[in-house]
Amino acid sequence: MAINVVSILLSVIILAGVGFLWLRGGVSGDYTGDGNGETVVVEVAQGASLSDLSTELKKQDVVATEDAFMSAANNHARSGELQPGFYRLQKRMSADSAVEALLNPSNQAGTVDIPTGTRLMDTHIVASDDVRKGIFTLISEASCMGEGNCISVDALKNAAGTMDPASLGVPAWAAKEVAARGDDPRRIEGLITPGVHQFNPQSSAAEVLSSLVSESAARYEQTGLEASAQRVGLSPYEMITAASLVQMEAPRGDFDKVARVILNRLQEPMRMQFDSTVNYDLPDQEIATTDEDRARVTAWNTYAKDGLPETPISSPSIEAITAMENPAEGTWLYFVTVDKNGRTVFTTTFEEHQAAIQESIANGVLDSNR
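Source: prediction; values computed, not measured.

**As for the environment of Leu-53**
Part 1: The topology assignment puts Leu-53 in helix α2 (residues 50–59).
Part 2: On the basis of relative accessibility, which here comes to 5%, the residue Leu-53 falls in the buried class.
Part 3: For the pair Leu-53 and Phe-69, spaced 16 residues apart in sequence, the C-alpha to C-alpha distance is 9.0 Å.

**As for the state of the cysteines**
Part 1: Going through the model one piece at a time under the given rule, you end up with 1 disulfide.
Part 2: Bridging Cys-144 to Cys-150, the disulfide has an S-S length of 1.9 Å. Of note, the bridge from Cys-144 to Cys-150 carries an S-S torsion of about 105° and is right-handed in sense.

**Quick notes on the sheet that holds strand β1 (residues 39–44)**
Part 1: Taken in spatial order, the 3 strands line up as β1-β2-β3 in an open sheet, and their pairing is antiparallel. Pairing within the sheet leaves two strands with one partner each, and these edge strands are β1 and β3 (108–109).
Part 2: Where strand β2 (residues 85–90) meets β3, 2 bridges bridge the pair, whose relative direction is antiparallel. Paired with Phe-86 across the bridge in β3 is Ala-109.

**Examining the UniProt feature "site: Important for catalytic activity" (unreviewed entry) in the protein**
Part 1: Feature annotation in UniProt assigns "site: Important for catalytic activity" (unreviewed entry) to the following positions: Glu-249.
Part 2: The residue Glu-249 is located in helix α10 (residues 236–249) in this model.

**Thoughts on the nonpolar core**
Part 1: Ranked by internal contacts, the top residues of the largest apolar core, which has 60 residues, are Ile-188, Leu-209, Val-246, Ile-262 and Met-324.
Part 2: It is α10 that contributes the most residues to this core, 7 residues altogether.
Part 3: Among residues more than four places away in sequence, those in contact with Met-324 are Val-232, Leu-234, Met-239, Ala-242, Ala-243, Val-246, Ala-259, Ile-262 and Leu-263.
Part 4: With 21 residues, the next largest nonpolar core counts Val-63, Ala-68, Ala-72 and Ala-98 among its residues.

**Observations regarding the pairing of strand β4 (residues 111–114)**
Part 1: Here β4 shows one buried face, formed by Val-112 and Ile-114, and one open face, formed by Thr-111 and Asp-113.
Part 2: Of the strand pairs in this sheet, β4 and strand β7 (residues 195–198) are connected by 4 bridges, and their pairing is antiparallel. Looking at β7, one finds that Val-112 is bridged to His-197.

**A few points about the confidence of the model for the protein**
Part 1: Residues of the protein with pLDDT of at least 70 account for 90%, and the chain-wide mean is 89.
Part 2: Taken as a whole, residues 8–27 scores under 50 in pLDDT and shows 12 contacts with residues more than four places along the chain or in a different chain.

**A few points about the side chain of Arg-260**
Part 1: By the secondary structure assignment, Arg-260 is in helix α11 (residues 255–267).
Part 2: Given the relative accessible area of 14%, Arg-260 is considered buried.
Part 3: Look past the residues within four positions of Arg-260 in its chain and what remains in contact with it is Pro-327, Ala-328, Glu-329, Gly-330 and Trp-332.

**Observations regarding the packing of α10 against helix α14 (residues 318–325)**
Part 1: Packing of α10 against α14 leaves a shortest axis separation of 8 Å and a crossing angle of 115°. Regarding the angle of α10 to α14, the classification is roughly perpendicular. Once α10 is placed against α14, the crossing between them reads as right-handed. Side by side, α10 and α14 meet where Met-239, Ile-240, Ala-242, Ala-243, Val-246 and Gln-247 of the first sit next to Ala-320, Ile-321, Met-324 and Glu-325 of the second.
Part 2: Residue composition of the contact of α10 with α14, grouped by class: 8 nonpolar, 1 polar and 1 charged.

**Considering the sheet that holds strand β8 (residues 284–285)**
Part 1: With mixed pairing, the 3 strands of this open sheet are ordered in space as β6-β5-β8. Single-partner strands in this sheet number two, and they are β6 (131–132) and β8.
Part 2: Summarising the sheet, strand β5 (residues 123–125) and β8 pair through 2 bridges and their orientation is parallel. By the bridge assignment for β8, His-124 is matched with Asp-284.

**Re the environment of Asp-256**
Part 1: Within the secondary structure, Asp-256 is located in helix α11.
Part 2: Taking the C-alpha atoms as reference points, Asp-256 and Ala-355, separated by 99 residues in sequence, lie 23 Å from one another.
Part 3: In contact with Asp-256, not counting residues within four places along its chain, are Ala-323, Asn-326, Pro-327 and Ala-328.

**Observations concerning the packing of aromatic side chains**
Part 1: In this structure the tally under the stated criterion is 5 aromatic pairs.
Part 2: With a centroid separation of 5.5 Å and 75° between ring planes, the pair formed by Phe-274 and Phe-335 is classed as edge-to-face. You can see Phe-274 sitting in the loop between α11 and α12 (275–279) and its partner Phe-335 sitting in strand β9 (residues 334–337), a full 61 residues away along the chain.
Part 3: Accessibility expressed as a relative area gives 12% for Phe-335, which makes it buried.
Part 4: A ring pair is formed by Trp-332 and Phe-346, whose centres lie 5.6 Å apart and whose planes are at 55°; its orientation type is tilted. With Trp-332 in the loop between α14 and β9 and Phe-346 in strand β10 (residues 344–347), this residue pair connects regions lying 14 residues apart in the sequence.

**Structural notes on the side chain of His-353**
Part 1: Its place among the elements puts His-353 in helix α15 (residues 350–362).
Part 2: If sequence neighbours within four positions are ignored, His-353 has contacts with Tyr-334, Phe-335, Val-336 and Thr-347.

**Considerations on helix α3 (residues 66–74)**
Part 1: Among all positions of α3, only Ala-68, Phe-69, Ala-72 and Ala-73 are buried. Each buried residue of α3 sits inside an arc of 125° when the element is viewed along its axis, so together they form one side. For α3, the exposed residues set more than 90 degrees away from the buried face come down to Asp-67 and Asn-74.
Part 2: Of the surrounding secondary structure, the elements contacted by the buried residues of α3 are α2 and α4 (95–102).

Reading the values: rules and limits
- Residues numbered from 1 in each chain as written.
- Predicted model: local features only at pLDDT ≥ 70, side-chain atom pairs only at ≥ 80, totals over all residues.
- Heavy atoms only, no water.
- Helix = DSSP H or I, 4+ residues; strand = E, 2+ residues; numbered from the N terminus.
- Buried < 20%, exposed > 50% of the residue type's maximum accessible area, 1.4 Å probe, protein only.
- Disulfide = S-S within 2.5 Å.
- Pairing = 2+ DSSP bridges.
- UniProt positions renumbered as here; feature names shortened; annotations may be inferred.
- Core = buried A, V, L, I, M, F, W, Y, C linked by side-chain atoms within 4.5 Å.
- Contact = heavy atoms within 4.5 Å.
- pLDDT = per-residue confidence, 0-100.
- Axes fitted to C-alpha atoms, helices over the stretch in contact; angles between N-to-C directions.
- Parallel < 35°, antiparallel > 145°, perpendicular 65-115°, else oblique.
- Left-handed = near helix turned anticlockwise from the far one by under 90°.
- Nonpolar A, V, L, I, M, F, W, Y, C, P; charged D, E, K, R; others polar.
- Phe/Tyr/Trp six-rings, centres within 6.5 Å; stacked < 30°, edge-to-face > 60°.
- Arc of directions from axis to C-beta.

Set out below in C-alpha cells:
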C-alpha cells in the first residue's frame, strides 16, 4: 500500500509539472495555436535583429521562449521579408504562428503611406463621388487596433490646432508662421512629408503628429533647405510653401521651370494667380476655377492677394523642394498645361500665354464641370 501511495503521489506531481509546463509554453518551450485573443503591439525596429525581436516577443508573452521563435524564424523561407514597423499580435501564440503573423501585412499598424500632393483634409472632386483622403484620415485609418479602436480624425485636428508648435515638432524656421494661424488645424499643412511614416498606434493623436512633423522636418532639412533658402532669397517656410505650389501645378519634368516662374513673379512683383491656391479653400475642387472663386479673398487665393499663400497648400515632395532650391534658368512668367498628356507651355508674354490657353481649352483641359 505504501508503494502504491508513493506511486500515485509521484504520478500527480509529474502530471502537475507537465500541466505547468504546458501552460508556460509546453514541454518543448512553445505555445500552441494562434493566441489567446489578447492583442498587444510589437515594434520591429529598423535594423533590429531576430534575436532582438525574439527578446521583445518573449517579454510581451507573445511566444513562450526566445529559442522557439528563433527556430521558427530561421526555418521559415520568407523570414528575410520581415519589414520594420508596428504589428498587432496576440499573447501566447505558437512560434510558427507568430512568424506568420509578422509576415502578414494586415497585422501591421501605424504605417501610413502619404501620396505626394496630399492635403491634411479630405478633398472632394467636382461632379463626382471621388473623395481623396487627406493626411488626417490616412493617419486615423493606419492607427486602428481593431474596429472602432482608432485615433479619430477629430482628435488629430484638435491636436494640430491647439498644441504648442514646439510640442508638435514644428521646426524653429516654421514656428512663427504656424503660431500665426491660431487654432486652424491646417496651420501644419506641408509640414508632413509624403512617403512612408511609421508610428506607434497606441500613441495619442498629439504624440503621432509630433513624431511625423519632427521626422518630416529632418527630411526637408537634409536637402540643405536653410542654406538654399538664403541663396534663393526666400525663408525656409516660404520654400516649403512655394514647393507645394510646384507640386500642385507642375507635371513631372517641369518642376524646376515652374519654380522659376514663381521666383520671376515674386521679383516682378506680380501676383501668382495659381488656380491650385483658389481650390485649396473650396469644398469642391477641379482644375478650372470660376470668376467667383478667383474673386474670393482667402489666406491662399493668389488671384486676390500678393505673394505666396500664407501656408503651403499640400505636402510637397523632396523633388519639389529640390526644384525650388535649384530652379531652371529662364524669363518665363506664364505656363499652362495644354493637353491631357501633361504637355505644358511656358511663355514670357501675356499674348503668348493667351494663345496657349486657347489651345488648352480646345483640348478640353480647362473645361469646367461646375
